[in-house]
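Residue strings, one per chain:
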Amino acid sequence: MFGSALIIFRETLEAALVIGIIAAATRGVSGRTLWLIIGVTCGVIGSFIVAALTDTIADFAEGSGQELFNAAVLAIAVVMIAWHNIWMSTHGAELARDAKRIGSEVKDGQRELSAIAILVALTVLREGAESVLFLHGMATGSETSLMSMLTGGALGLLGGAIVGTLMFIGLMRIPLRWFFSVTGTLLLLLAAGLSSQMAKMLIQADWIPALVTPLWDISSVLPTNSVTGSILHVLIGYEASPSGMQILFYAGTIAVIVGLTALVRRNQQQQQQQQTPQAKSELSAGTS
Amino acid sequence: MKLRHWICALALSPALAFAADNEITITIKDHKFSPAEVRVPVGKKVKLIIDNQDASPEEFESHELNREKIIPAKSKGVVYIGPLKAGKYPFVGEFNQATARGVVIAE
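Residues numbered from 1 in each chain as written. Chains lettered and ligands numbered in written order. Predicted model: local features only at pLDDT ≥ 70, side-chain atom pairs only at ≥ 80, totals over all residues.

Attention now goes to the overall build of chain B. When its secondary structure is counted, chain B shows one helix and nine strands. For chain B, the share of sequence-separated contacts (at least 6 apart) that also reach a separation of at least 24 residues comes to 53%. (Helix = DSSP H or I, 4+ residues; strand = E, 2+ residues; numbered from the N terminus. Contact = placed C-beta atoms within 7 Å.)

In this model helix 6 (residues 146–172) of chain A runs 39 Å from its N-terminal to its C-terminal C-alpha over 27 residues, within 8% of the 39 Å that 1.5 Å per residue would give. Taken together, the buried positions of helix 6 of chain A are Met149(A), Gly152(A), Gly153(A), Gly156(A), Gly160(A), Gly164(A) and Met167(A). (Expected span 1.5 Å × (residues − 1). Buried ≥ 20, exposed ≤ 12 C-beta atoms within 10 Å, placed from the backbone.)

On to the interface of chain A and chain B. With 24 residues of chain A at the contact, the number on the chain B side is 19 residues. Looking at the side of chain A that touches chain B, the elements that each hand over two or more residues are helix 3 (54–59), helix 5 (110–141) and helix 7 (176–204) of chain A. In terms of residue count, helix 5 of chain A provides more of the side of chain A that touches chain B than any other element does, six residues in total. Across the side of chain A that touches chain B, the residue classes tally to five nonpolar, 13 polar and six charged. (Nonpolar A, V, L, I, M, F, W, Y, C, P; charged D, E, K, R; others polar.)

This paragraph deals with the sheet that holds strand 7 (residues 75–81) of chain B. Residue and element names in this part refer to chain B. The four strands are arranged 2-1-4-7 in an open sheet whose pairing can be described as mixed. The sheet is open, and its two edges are formed by strand 2 (32–34) and strand 7, each paired on a single side. The average angle at which neighbouring strand axes cross in this sheet is 25°, direction not considered. Of the pairings in the sheet, the one linking strand 1 (residues 23–29) to strand 2 comprises three bridges and is antiparallel in character. Each residue of the ladder has a partner; that of Thr27, found in strand 2, is Ser34. (Pairing = 2+ DSSP bridges. Axes fitted to C-alpha atoms, helices over the stretch in contact; angles between N-to-C directions.)

Core analysis: the biggest nonpolar cluster contains 91 residues, and Ile21(A), Ile22(A), Ala77(A), Ile81(A), Leu119(A) and Ala191(A) have the highest contact counts within it. For this core, the element with the most residues is helix 5 of chain A, which contributes 16 residues. (Core = buried A, V, L, I, M, F, W, Y, C linked by C-beta atoms within 7 Å.)

The next thing to look at is the pairing of strand 9 (residues 101–106) of chain B. Residues and elements named next belong to chain B. Because side chains alternate across strand 9, one face comprises the buried residues Gly102, Val104 and Ala106, and the other comprises Arg101, Val103 and Ile105, none of which is buried. Sheet analysis places strand 8 (residues 87–93) next to strand 9, joined by six bridges and oriented antiparallel. Opposite Gly87, over in strand 9, you have Ala106 as the bridge partner.

Residues and elements named next belong to chain A. Where helix 1 (residues 2–25) meets helix 7, the closest approach of the two axes is 10 Å, and the angle between their N-to-C directions is 140°. Crossing hand, helix 1 versus helix 7: left-handed. Where helix 1 approaches helix 7, its residues Val18, Ile21, Ala24 and Ala25 are matched on the opposing element by Thr183, Leu186, Leu187 and Leu190. Its residues assigned to classes, the contact of helix 1 with helix 7 shows seven nonpolar, one polar and no charged. (Left-handed = near helix turned anticlockwise from the far one by under 90°.)

Cis geometry marks the peptide bond from Ser34(B) to Pro35(B), where omega comes out at -5°. Note that the residue after Gly82(B), namely Pro83(B), is joined by a cis bond; omega there is 0°. Tracing the backbone shows Pro83(B) in the loop between strand 7 and strand 8. Even without being a glycine, Asp206(A) presents a positive backbone phi close to 65°. Here Asp206(A) is to be found in the loop between helix 7 and helix 8 (227–236). The phi dihedral of Leu211(A) falls on the positive side, at around 65°, and the residue is not glycine.

Sheet strands pair via backbone hydrogen bonds, and the direction of the pair is either parallel or antiparallel. All names here are of chain B. With respect to topology, five strands assemble into an open sheet ordered 3-9-8-5-6, the strand pairing being mixed. Edge positions in the sheet fall to strand 3 (37–40) and strand 6 (67–71), since each has one partner strand and no second. Taking the axes of each pair of neighbouring strands and ignoring which way they run, one obtains an average angle of 20° across the sheet. Sheet topology note: the strand 3/strand 9 ladder contains four bridges and is parallel.

On to the environment of Leu36(A). All names here are of chain A. Positionally, Leu36 belongs in helix 2 (residues 32–52). Taking the C-beta count within 10 Å as the criterion, Leu36 has 18 such neighbours and is therefore assigned partly exposed. In sequence terms Leu36 and Ile231 are 195 residues apart; their C-alpha atoms lie 22 Å from each other. Those residues in contact with Leu36, other than ones at most four positions away along the chain, are Ile19, Ala23 and Val120.

Attention now goes to helix 7 of chain A. Helix length check: helix 7 of chain A, at 29 residues, gives a terminal C-alpha distance of 42 Å against a target of 42 Å (1.5 Å per residue), a fit within 8%. Of all 29 residues in helix 7 of chain A, 21 are buried, a share of seventy percent or more.

Next up, the structure:
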């Protein structure tokens, strides 16, 4: 029972922490709870489907189908986070202002929320499919009773959910002035970490070169599988011995998201500046 | 038939730890890896074929090698590793960590 609890906890932890961050990051967006529930539900259903299709997926691309599937899932998740961060760069100020007024929420966030729901679903899917496979394997292995296995699974799930909730509560205590900067930075690093994992999958499948393996190794200082290492792995993609290509993906993702965010924000400011003189000239043209 | 030839050679002689084209098959049976000690050349990319003969899935995992992959029941999976520096790189079957343990030795 303890064994299954631990494994399910580890799988749940990642999804729970991410959902905790996302739930906080979308505070003040109208209808977010519903979208988060939709995301989790789709993720759970998807987990069972992917688990059932494991054999089929595994057979693709000469035995590397799983890596390519995971890489695709990770890529979509990274794009969704990028989308969210860019959206926040133009709506963050509005959200922070409105969050002070209880009950008022930003209404035009539906498209943003569907991106968030996809992100949540994919996160749950990645970890959920592994959990389903593991529990199914234990059930067929029949060394442990079904009851003890399910109890262990439920305990692990509960443990993960508690950590995710703590993450959410902790984030919500951050003063509003810094709030969206903190959640935005967390999501940026999360995206970079996912991107680095995507590189790892593609290297494992031999689709891209590893460049240098490892670029450095600090596993004697902080091993990836230690408690701190695992949490940092989930949050910022920490790895004690990453390959050169992973670091390239990590840094590249940060550069692209930060660059796009700055570009979008500048464009919007320019538009606002242009609108003002334009309105004046239209006005004068009308009077002459 | 080259592959089968090599698998036979591997099964017969654990000393013959890697094939000419750096392809190594590791079998999982009764939640144990065989061979549990895999020798690979330093600085070369190696193709690991993990053959899970058990009725339950297994996750090949190694933080040292920076690899993780689920191998469904009764099926094979491919994991590319390296080029590695000389050293020991332990791996486990995450779903059966008590028994499924092994190590890649790059030399």
